[in-house]
Number of protein chains: 2
Amino acid sequence: MIAKTPPPPYYAVIFSNIRTHVGEGYGIMAEEMVELAEKQPGYLGHESVRDGLGITVSYWESLESIRNWKMVGEHLVAQRLGREKWYQAYKTRVCLVEKDYAFGEW
Amino acid sequence: MIAKTPPPPYYAVIFSNIRTHVGEGYGIMAEEMVELAEKQPGYLGHESVRDGLGITVSYWESLESIRNWKMVGEHLVAQRLGREKWYQAYKTRVCLVEKDYAFGEW
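Residues numbered from 1 in each chain as written. Chains lettered and ligands numbered in written order. Predicted model: local features only at pLDDT ≥ 70, side-chain atom pairs only at ≥ 80, totals over all residues. Heavy atoms only, no water.

Q: Where do I start with a positive patch on the surface in this structure?
A: A cluster of basic residues, Arg67, Lys70 and Arg83 of chain A together with Lys99 of chain B, forms a positive patch at the surface. Position of Lys70 of chain A relative to the elements: it lies in helix H2 (residues 63-70). (Patch = residues over 30% accessible without salt bridge, like charges linked within 9 Å, V, L, I, M, F, W, Y side chains within 5 Å. Areas by Shrake-Rupley, 256 points an atom, 1.4 Å probe, with all protein chains shown as cover. Salt bridge = Lys/Arg side-chain N within 4 Å of Asp/Glu carboxyl O. Lys, Arg positive; Asp, Glu negative; His and termini not counted. Charge placed at Lys NZ, Arg CZ, Asp CG, Glu CD. Helix = DSSP H or I, 4+ residues; strand = E, 2+ residues; numbered from the N terminus.)

Q: Would you mind showing me how to read the relation of the copies chain A and chain B here?
A: Comparison of the two chain copies shows a relationship of rotation about an axis with a shift along it. Note on the copies: chain A fits chain B at an RMSD of 0.0 Å, the axial shift is 0.0 Å, and the rotation between them is 180°. The transformation relating the two chain copies, once decomposed into turn and shift, fits a two-fold axis. By residue overlap, the copies meet face to face through one surface: 100% of the interface positions of chain A are interface positions in chain B. (Least-squares fit on C-alpha atoms with pLDDT ≥ 70 in both. Contact = heavy atoms within 4.5 Å.)

Q: Help me understand the nonpolar core, please; the structure alone is not making it clear to me.
A: In summary, soluble globular proteins display a tendency toward joint burial of nonpolar side chains. If you look at the biggest cluster of nonpolar residues, it comprises 30 residues, and the most contacted ones within it are Ile14 of chain A together with Ile14 of chain B. Elements represented by at least two residues in this core include exactly strand E1 (10-19), strand E2 (43-51), strand E3 (53-60) and strand E4 (87-104) of chain A together with strand E1 (10-19), strand E2 (43-51), strand E3 (53-60) and strand E4 (87-104) of chain B. Beyond its immediate stretch of four places on either side in the chain, Ile14 of chain A contacts Ile55, Thr56, Val57, Lys91, Thr92, Arg93 and Cys95 of chain A together with Ala12, Ile14, Val57 and Tyr59 of chain B. (Core = buried A, V, L, I, M, F, W, Y, C linked by side-chain atoms within 4.5 Å. Buried < 20%, exposed > 50% of the residue type's maximum accessible area, 1.4 Å probe, protein only.)

Q: Explanation requested: the packing of helix H1 (residues 26-38) of chain B against helix H3 (residues 73-86) of chain B in the structure shown.
A: For any two helices packed against each other, one specifies the crossing angle of their axes together with the interaxial distance. Residues and elements named next belong to chain B. The N-to-C vectors of H1 and H3 enclose an angle of 150°; their axes lie 11 Å apart at closest approach. It follows from the interaxial angle that H1 and H3 lie roughly antiparallel. The handedness of the crossing between H1 and H3 comes out as left-handed. Residues Tyr26, Met29, Met33 and Leu36 of H1 form the contact with H3, whose own contacting residues are Glu74, His75, Ala78, Leu81 and Trp86. Looking at the contact of H1 with H3 residue by residue, the classes come out as seven nonpolar, one polar and one charged. (Axes fitted to C-alpha atoms, helices over the stretch in contact; angles between N-to-C directions. Parallel < 35°, antiparallel > 145°, perpendicular 65-115°, else oblique. Left-handed = near helix turned anticlockwise from the far one by under 90°. Nonpolar A, V, L, I, M, F, W, Y, C, P; charged D, E, K, R; others polar.)

Q: Sorry if this is basic, but what is going on with the environment of Leu36 of chain A here?
A: Residues and elements named next belong to chain A. Relative to the helices and strands, Leu36 resides in helix H1 (residues 26-38). Of the residues examined, Leu36 reaches a relative accessible area of 13% and is grouped as buried. For the pair Leu36 and His75, spaced 39 residues apart in sequence, the C-alpha to C-alpha distance is 8.4 Å. Apart from the residues lying within four places of it in its own chain, the contact partners of Leu36 are Trp69, Val72, Glu74 and His75.

Q: Got a minute to help me understand the sheet that holds E2 of chain B in this structure?
A: Strand pairing in a sheet is mediated by backbone hydrogen bonds. Such pairs are either parallel or antiparallel. One open sheet accounts for eight strands, arranged E2(A)-E3(A)-E1(A)-E4(A)-E4(B)-E1(B)-E3(B)-E2(B); its pairing is antiparallel. Both outer strands of the open sheet, E2 of chain A together with E2 of chain B, are each paired with one neighbouring strand and no more. The mean inter-strand angle of the sheet, taken between neighbouring strand axes irrespective of direction, is 25°. Across eight bridges, E2 of chain A lies against E3 of chain A in antiparallel orientation. For Gly45 of chain A, the partnering residue across the bridge sits in E3 of chain A and is Tyr59 of chain A. Along the sheet face, H1 of chain B touches E1, E2, E3 and E4 of chain B and points at about 160° away from the line of E2 of chain B. (Pairing = 2+ DSSP bridges.)

As structure tokens, this is what we get:
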């Protein structure tokens, strides 16, 4: 679903990734990380799609909230396992959302 | 594929969208818009995934290059047809990419 974010400015983290063929543990960890992210201060929402390439965009109030989320213990474990097992490659982009436009209802 | 972008700062346009059930003309127009975007001054790359929700992120050198692309005649037609036929809803977010990190090879 398209995230319901407040008026800009706010932050977006674009996580573009390519998986390995290792599936073990990935689905559960991905669900746990969504649940954990939703509890973090400054979390505003996220959108996630995969079709070969995966793109997950999470939205945050501030750079500080992104930095704090990056350092949460269980998230650090997930990041390490991601590099060791689940991701062939990824790129993470930290962005200031300056403007947004919407059309339609969702 | 993950876009090969230069070191930040640069801009990202996150286009999150939900399609209608109208398929007529959409595929051809989508391909044409990719080809046309790639020819625009300041275009840096794009990533696109759909699985129900669609997320397309395009990368640009500057706000000016994004503004110019938004106003290209054929793109204006595509935007209008998108609202009339192809999209139930979308959100477009214009973002300044401040930092990025990569892992692995692609």
